[in-house]
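One letter stands for each residue in the lines below.
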Amino acid sequence: FSWTDGDGQSEHLLPVCEDAACQKSAIYLTKLGLDQWVPILQDFRNKDTLWGFVPYQNDKSSMKISFPITLHIGDYNMDGYPDALAILKNTSGSNQQAFLLENVPCNNISCKSVHRMFKVFWELSDLNQIKDAVVATFFDIYEDGILDIIVLSKGYSKDFAIHTLKNNFEADAYFVKVIVLSGLCSNDCPRKITPFGVNQPGPYIMYTTVDANGYLKNGSAGQLSQSAHFALHLPYNVLGLGRSANFLDHLYVGIPRPLGEKSIRKQEWTAIIPNSQLIVIPYPHNVPRSWSAKLYLTPSNIVLLTAIALIGVCVFILAIIGILHWQEKKADDREKRQEAHRFHFDAM
């Protein structure tokens, strides 16, 4: 599974059961330059209850449906560090639930070399109410850039039910949505028509910007990086930008190249507006400078509030100008009366 710690490079995650019954579970990470797997989550105990991943049953004679150990990655709080959803099972019981794993700064010696770790949110009431969950993933239901949650659970009658949970995270955070299309036509593309195609697996997106404190911030993601283990990825990538409303200084998009080709297929765009969706059309594939990008920006309530505030300020300024103009006119009238009175006095 793909993950990032904010350095602009993607790392690999490996969720494991360290014994056959999954009494001891862990999530490990490795990255370029490391020669070992580093644990970023080993504490699966909540009060007196020990949780762990659901062990995979490969017994084909059994009628029970078993799912592989799966993490679904998504930045639910848009802080630029991807979080995860996992299905955990009570090791001393039969209940299994979906839990949110938040990407937080490392606070123990084991993950010091990678600076980040996962923290389990045990007390999320909406997720805790869904019993016998088997799959959980992120999905942007309202197309507003905020990732919601979809949970598949197994009912009492062996039927499956789909639950959707709206993300009520309302912090002043920003994002950018990027989708890289295939740039292909079903037949030969007609002249002067740019082929859109469909979303494709493999593209890599990376951005650089400046955060609210003035430090350089990097982020990256791979589009449709998984094809198995119930991937259920979004057709685009939602990249969290944190609370910085700055434009993206640079946004890089690269696509896979054929075997044997040495030139890198990568293109760069600058000054990307936050809270927007960028659709990249890599056509033709081998000429990155000819790639095109379409930026879609959906106005939110903040635009309306900004307009109201701007109109209010203008009305306030006009009122001050009107009052000053009225006072100046009164002063001019007073001076004219004094001049007229002085003229008649002199005539006498």
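Structure first, text after, so check above.
Residues numbered from 1 in each chain as written. Predicted model: local features only at pLDDT ≥ 70, side-chain atom pairs only at ≥ 80, totals over all residues. Heavy atoms only, no water.

1. What to know about the overall build of the chain
Within the chain one finds two helices and 21 strands. At 29 Å, the chain has a C-alpha radius of gyration far larger than the 20 Å of a compact globule built from 348 residues. Overall, the chain is about 125 × 60 × 45 Å in size when its C-alpha atoms are taken along their principal axes. For the chain, buried positions account for 39% of its 348 residues. The long-range fraction of contacts in the chain, counting pairs at least 24 apart against all pairs at least 6 apart in sequence, stands at 52%. Of the roughly 21000 Å² that the chain leaves accessible, carbon and sulfur atoms contribute 57%. Side chains of the chain carry 31 positive and 34 negative charges; the gap between the two charge centres is 4 Å. (Helix = DSSP H or I, 4+ residues; strand = E, 2+ residues; numbered from the N terminus. Rg over C-alpha atoms; globule rule 2.2 N^0.38 Å. Buried < 20%, exposed > 50% of the residue type's maximum accessible area, 1.4 Å probe, protein only. Contact = heavy atoms within 4.5 Å. Areas by Shrake-Rupley, 256 points an atom, 1.4 Å probe, with all protein chains shown as cover. Lys, Arg positive; Asp, Glu negative; His and termini not counted. Charge placed at Lys NZ, Arg CZ, Asp CG, Glu CD.)

2. Quick look at the sheet that holds strand β15 (residues 204-210)
What the four strands build is an open sheet, ordered β16-β15-β18-β19; its pairing is antiparallel. Each edge of the open sheet carries a strand with a single partner, namely β16 (216-222) and β19 (266-272). Between one strand and the next, the sheet's axes are offset by a mean angle of 15°, whatever the strand orientation. Examined bridge by bridge, β15 and β16 share seven bridges and lie antiparallel to one another. When the sheet's bridge partners are listed, Thr209 is paired in β16 with Lys217. (Pairing = 2+ DSSP bridges. Axes fitted to C-alpha atoms, helices over the stretch in contact; angles between N-to-C directions.)

3. Notes on the environment of Asp140
Tracing the chain through its elements places Asp140 in the loop between β11 (133-139) and β12 (148-154). The class of Asp140 is buried, set by a relative accessible area of 0%. Separated by 166 residues in the primary sequence, Asp140 and Thr306 have C-alpha atoms spaced 25 Å apart. Setting aside chain neighbours within four positions, we find Asp140 in contact with Gly145, Ile146, Leu147, Asp148, Lys177, Leu234 and Tyr236. A polar side-chain atom of Asp140 sits 3.1 Å from the main-chain amide nitrogen of Glu143. (Polar contact = N/O pair within 3.5 Å; in protein donor to acceptor, adjacent residues only side chain to side chain.)

4. Some words on the nonpolar core
Ala98, Leu127, Phe138, Ile149 and Val151 are the most contacted members of the largest nonpolar core, which has 26 residues in total. Contributing elements (two or more residues each) for this core: β8 (83-90), β9 (96-105), β11, β12, β14 (174-180) and β20 (276-281). By residue number, the principal contributor to this core is β11, which donates three residues. For this core, the domains that each give at least three residues are domain 1 (11-171) and domain 2 (174-301). For Leu127, the residues in contact, after removing those within four places along its chain, are Gln97, Ala98, Phe99, Leu100, Ile149, Val151 and Leu165. Among the nonpolar cores identified, the runner-up in size contains 24 residues, and Leu71, Ala86, Val104 and Met117 belong to it. (Core = buried A, V, L, I, M, F, W, Y, C linked by side-chain atoms within 4.5 Å. Domains from an automatic or database assignment.)

5. What about the side chain of Asp75?
With respect to the helices, strands and loops of the structure, Asp75 is situated in the loop between β7 (71-74) and β8. Of note is the side chain of Asp75, whose polar atom sits 3.0 Å from the backbone nitrogen of Met78. When sequence neighbours within four positions are dropped, the list of residues in contact with Asp75 reads Gly80, Tyr81, Pro82, Asp83, Leu147 and Gly240.

6. Focus on the sheet that holds β11
An order of β11-β12-β13 is seen for the three strands of this open sheet, with the pairing classed as antiparallel. Whereas interior strands pair on both sides, the edge strands pair on one side only; in this sheet they are β11 and β13 (160-165). The average undirected angle you get between the axes of adjacent strands in this sheet is 20°. Sheet topology places β12 next to β13; six bridges connect them, and they run antiparallel. In the strand pairing of β13, Val151 is matched with His163.

7. What about the environment of Glu102?
If you trace the backbone, Glu102 turns up in strand β9. For the pair formed by Glu102 and Lys154, sequence separation is 52 residues and the distance between their alpha carbons is 25 Å. Contacts of Glu102, omitting those with residues within four sequence positions, involve Tyr76, Asn77, Asp83, Met117, Phe118, Lys119 and Phe121. At a separation of 3.3 Å, a polar atom in the side chain of Glu102 contacts the side chain of Asn77.

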